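Breakdown of the fold
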Amino acid sequence: MALRGEQSQARRTSLADYVAAARARLATGAGLARLHDRHAPANLTFFRRPFALVGTVGALCLLVVISVRFMAAGPGVISTLWVTSGVAVLTWLKAGRGVRYDLAFGALVFMALMAGELILGNPPHRAIVFVALNLLEIVLCLMILRHIFPKLDVHSVNGQVKLLVTAFCAVLPSALLCGVVLNHGASDGYFGGVRMWFLGRGIGLLVVLATGLAFQRSILLFAHPVRRVIEAVLAFGILIAGAILVFGPTQVMLVFLLLPAMIVIAVRFRVAGTALGLLIISIIAIKGTMAGYGPYYNLSVDRALGMVQVMILFGYAPALIVAALLDERDGLAVRARLGRQKAEMASAAKSRLLANVAHEIKSPVGGIIGIAEMWASGHLGEVTPAQKDMAEMMVRTGRQIEALSHDLLDVSQAESGAVRIEARPTDLAGALADVSKTLSLMPEAAGITLEVADVEPGLRVMADSQRLAQILSNLGSNAVKYGRAGGFVRFAAARSANGHVRLIVQDGGPGLTPEKKAQLFEPFNRLGLERSAIEGHGIGLALSKRLVELQNGQMGVDSEAGEGASFWVELPEAY
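Residues numbered from 1 in each chain as written. Predicted model: local features only at pLDDT ≥ 70, side-chain atom pairs only at ≥ 80, totals over all residues. Heavy atoms only, no water.

The next subject is the side chain of T56. If you trace the backbone, T56 turns up in helix α3 (residues 50-71). Discounting residues that sit within four places of it in the chain, T56 has contacts with T91, F105 and L108. (Helix = DSSP H or I, 4+ residues; strand = E, 2+ residues; numbered from the N terminus. Contact = heavy atoms within 4.5 Å.)

Set out below in C-alpha cells:
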C-alpha cells in the first residue's frame, strides 16, 4: 500500500512538472510573439491587412472623383471643398509610422489619387501634377502633426488654434504652386486660383481632422444612446434645413440663421458634432453657390465661391472654438471633482489616523501620570528634592500630552462631522465670567489684567454651552500666553447688525502681520514660535474655528503688527 501510494504521488508530481513546463513553453512563445510584434516594422503589420489597403485606396479614389465632379470651380480644375487630404492624413496617422511604412503608405496614397485623376479623364502629365501637389500638402500636414504638434488635443482651445495653423500652413505651398503649373480655372487671375485652392483645401483639412481626432472621445457623450440619436437627428435636421433655406433656390439673405443651430450642436455634441455640422454647411453652401443660389448670387461664380469660403472660415468655423472651450471646461470640472474626492479621502484618512493616535496615547500617558504623581508624593518611597522636581516635571509633561490627545480627538471628530452639537439658548454673561475665572488660575496669567466688559442683561446665543466654553477658553488662553506683554485680556459681547452676537477676546500683545493672519487657522502651525518658551501645539484655533462653523457661526481676527489682536466669534442670537 505504501509503495502504491508513493507511485501515485510520483505520477502526480511528474504530471504537475509536465504541466508547468508546458505553461512555461506557452508563456515563452507568447512572449516571443509579443516581442516580435512589438519590434515588427509598422509597414509589415499594416500590410498584413489587405482589406484595409483596398478600403483605403477605394475611399481616396472615390473622394477624388466626388470632390472634382461635384465641388470643382471654373472648367473643373480646382475643387472648392477638398476632404481627400484630410482622410489620407487621418489614415496615415492611425496606421503607424517608420521610414519603410511612410514610403509604402505614400506610394499607396499616390496610387489612389492617381487612379481617381485618371478616372476623371485627366491626361497623365496633368494628373501627376495634381497628385504631386496633393501629396505635398498631405506630407507637410503629417510632419507638422508628428513633429511640431505631436500631442495635439482638439478638445482644447489651444489645440483648435494649432489645428487651424496646421491645416492652412500645410496647404499654402501647394496653393502657391497651383497657379504656376496649372490652369487654375479662376476668373480673377493667379491670386484667385491661389485663394480658391488655399481656402478649399484648408477648410477640408480642418473639418476632417477635427472630426476624426475628436470622434473617439466624443462618442462617450452617448450615455443614453436612443435619446442622443433622436437629439442628433433633430439638431442636424434643423441645420440641414436651415442651410438649404439660406443657400438654396429660396435665396433667404439671413446667413446668421445657421449660427444658433451650430451653437446648439457645439453645446450638445462638442467638437466632433460641430466639425460634422461645419462639413454639412460647407457642402450645401458651396454646391448652392455653384448653382447660382445663396446670398452672393449676383456675383460671378468664382467670386461668390470665394465669399462663401471666407464666410465658412470666419463665420461658422469659430463654433469649433466654442465646442473646444466647453470640452476644456468639462475636463477642468472632472479634474476638480476628482481632486476634491482625493482631498476628502485624504482628510478622512487623516481624521482616522488622528483619532487612532489619540486613543492609543491616552491609556499609557494616564499610567505615566499616575506613577509620576505617586513618586512625587512619596508613596513609592523616600524621594530627594531633585527627584520630586523630576516627577512633577513628568506630571506636567504627561498632562500636556494628555491635553494634546484630547485636542487631536476633537479635531478628528470635528473634521469628520462626528462632533455632537446641542444648540440651546446660552447666557453670555455667565459664560464669559466662568472663562475669565478659569483663566485667572493659569500660571501665565500672573500680572495680566483679565477684564469682562458689561454684557447686556439677557443677551443669549444659540450654541452648545460646553463647546462655547471650549472655544472661549482656547481664545482666552492664547490671549494670555501670546499677549502677555500687553498686560491685559478683555472679553466683550454685543449684538451685530445681521441678527448675530459678536463675542470678542482682545489682547494687547505684539499683533499679527498679514502673512501670519493668512496662516493663523492652519492646524499645527504655530507661526514660527515652535522653539519659543510658550507652550502649545497649534491646534486650538483651528479646532475652535471648526466648532464655531458647526454651530452656524463665523470666526475671525482683527489685528495689526504691534497693536494687539482681537479675535471675534459670531453666533446666532437666541430670542
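Now that the structure has been shown, we can carry on.
Let us now look at the layout of surface pockets. Roughly 370 Å³ of volume is contained in the second largest pocket. Along the walls of the second largest pocket sit 14 residues, with L90, L93, K94, G212 and L213 positioned nearest its centre. Secondary structure elements with two or more residues in the lining of the second largest pocket: α4 (84-95) and α8 (190-218). Broken down by element, the lining of the second largest pocket gets its largest block of residues, five residues, from α8. A breakdown of the residues in the lining of the second largest pocket according to their chemical character gives eight nonpolar, four polar and two charged. (1 Å grid on protein atoms, 1.4 Å probe; cavity = no way out; pocket = protein on both sides within 12 Å on 5 of 7 lines; lining within 4 Å. Points joined across faces, edges and corners; volume = space filled by probe spheres on them. Nonpolar A, V, L, I, M, F, W, Y, C, P; charged D, E, K, R; others polar.)

Attention now goes to the pattern of salt bridges. Applying the stated criterion to the full structure yields 14 salt bridges. Note that D102 and R146 form a salt bridge whose closest N and O atoms lie 2.9 Å from each other. Remark: R146 occurs in helix α6 (residues 124-148) and D102 occurs in helix α5 (residues 99-119); sequence separation between them is 44 residues. The salt bridge partner of R201 is E137, with a shortest N-O separation of 3.7 Å. Here E137 lies in helix α6 and R201 lies in helix α8, a separation of 64 residues in the sequence. Judged by relative accessible area, which is 1%, E137 ranks as buried. Ionic contacts of the salt-bridge type, sharing partners, join the residues R270, D327, R329 and D330 into one network. (Salt bridge = Lys/Arg side-chain N within 4 Å of Asp/Glu carboxyl O. Buried < 20%, exposed > 50% of the residue type's maximum accessible area, 1.4 Å probe, protein only.)

It is worth spelling out the sheet that holds strand β9 (residues 565-572) at this point. Spatially, the five strands line up as an open sheet ordered β4-β6-β7-β9-β8, and their pairing is mixed. Strands with a single pairing partner mark the edges of an open sheet, and in this sheet they are β4 (449-452) and β8 (554-559). This sheet shows a mean twist of 15° between the axes of neighbouring strands, independent of strand direction. Relative to strand β6 (residues 488-495), β4 runs parallel, the two sharing four bridges. Paired with V452 across the two strands is F491, which belongs to β6. Running at roughly 25° to strand β7 (residues 500-507), helix α15 (residues 465-482) makes contact with β4, β6, β7, β8 and β9 of the sheet. Packed onto the sheet, helix α17 (residues 540-550) meets β8 and β9 and runs at close to 135° relative to β8. (Pairing = 2+ DSSP bridges. Axes fitted to C-alpha atoms, helices over the stretch in contact; angles between N-to-C directions.)

A residue-level look at the chain finds 82% of positions with pLDDT of 70 or above and a mean pLDDT of 80. Across residues 22-44 the pLDDT falls below 50, and counting only partners more than four positions away or on other chains, this stretch makes 11 contacts in the model. Note on residues 218-222: pLDDT under 50 across the span, and seven contacts to partners over four residues away in sequence or across chains. (pLDDT = per-residue confidence, 0-100.)

This part covers unusual backbone geometry. The phi dihedral of R270 is positive, around 55°, even though this residue is not glycine. In this structure, R270 sits in helix α10 (residues 258-290). Using a relative accessible area of 8% as the deciding quantity, one classes R270 as buried. Of note, the phi angle at N552 is positive, near 60°, even though the residue is not glycine. Looking at the element boundaries, N552 is found in the loop between α17 and β8.

Here the focus is the environment of V131. Mapping V131 onto the fold places it in helix α6. Since its relative accessible area comes to 0%, V131 is described here as buried. Along the chain, V131 and M114 lie 17 residues apart, while their C-alpha atoms are 6.3 Å from each other. If sequence neighbours within four positions are ignored, V131 has contacts with F110, L113, M114 and E117.

Taken together, the side chains of L245, L254, F256, L257 and L259 define a hydrophobic patch exposed on the protein surface, amounting to about 410 Å² of accessible area. Here L257 is to be found in the loop between α9 (225-247) and α10. Under the relative-accessibility criterion, L257 is labelled partly exposed at 38%. (Patch = residues over 30% accessible without salt bridge, like charges linked within 9 Å, V, L, I, M, F, W, Y side chains within 5 Å. Areas by Shrake-Rupley, 256 points an atom, 1.4 Å probe, with all protein chains shown as cover.)

For the coordinates displayed, the defined rule picks out five aromatic pairs. Through a chain of ring-to-ring contacts, three or more aromatic side chains come together here, namely W92, Y101 and F105. Lying over the aromatic face of W82, R201 brings its terminal NZ or CZ to 4.6 Å of the ring centre. The ring centre of W568 lies 4.1 Å from the NZ or CZ of R502, which sits over that ring. (Phe/Tyr/Trp six-rings, centres within 6.5 Å; stacked < 30°, edge-to-face > 60°. Lys NZ or Arg CZ within 6 Å of the ring centre and 35° of its normal.)

Relative orientation of the contacting elements α15 and α17 amounts to 150°, with a least axis distance of 10 Å. The element α15 and its partner α17 pack so that their crossing is left-handed. Contact residues: α15 offers R467, Q470, I471, N474, L475 and N478, while α17 offers G540, L541, L543, S544, L547 and V548. Split by residue class, the contact of α15 with α17 holds six nonpolar, five polar and one charged. (Left-handed = near helix turned anticlockwise from the far one by under 90°.)

This paragraph deals with the environment of A261. For A261, the position within the fold is in helix α10. A relative accessible area of 15% places A261 in the buried class. For A261 and A235, which are 26 residues apart along the polypeptide, the C-alpha to C-alpha distance reads 7.1 Å.

Let's shift gears to the environment of Q466. Mapping Q466 onto the fold places it in helix α15. For Q466, a relative accessible area of 60% translates into the label exposed.

This part is about α15. Compared with an ideal rise of 1.5 Å per residue, which puts 18 residues at 26 Å, α15 spans 25 Å between its outermost C-alpha atoms and is within 8% of the ideal. Buried residues dominate α15, accounting for 13 of its 18 residues. Two to three positions downstream of the cap, the backbone nitrogen of Q466 sits 3.0 Å from a side-chain oxygen, assigning the N-cap of α15 to D464. (Expected span 1.5 Å × (residues − 1). Polar contact = N/O pair within 3.5 Å; in protein donor to acceptor, adjacent residues only side chain to side chain.)

So, about the pairing of β9. The buried fraction of β9 amounts to eight of the eight residues, a majority that puts the element mostly inside the structure. Covered by surrounding structure in β9 are A565, F567, V569 and L571 together with S566, W568, E570 and P572, the residues of both alternating faces. Two strands pair when backbone bridges link them, and β7 and β9 are joined in this way by eight bridges, in the antiparallel orientation. Across the sheet, residue H500 finds its bridge partner in β9, namely P572. Two elements, β8 and β9, share six bridges in a ladder whose sense is antiparallel. Bridge pairing in β9 links M555 to V569. Taking the residues that link successive antiparallel strands as the turn, the β8-β9 hairpin has five residues, and the phi of G562 there is positive, at about 85°.

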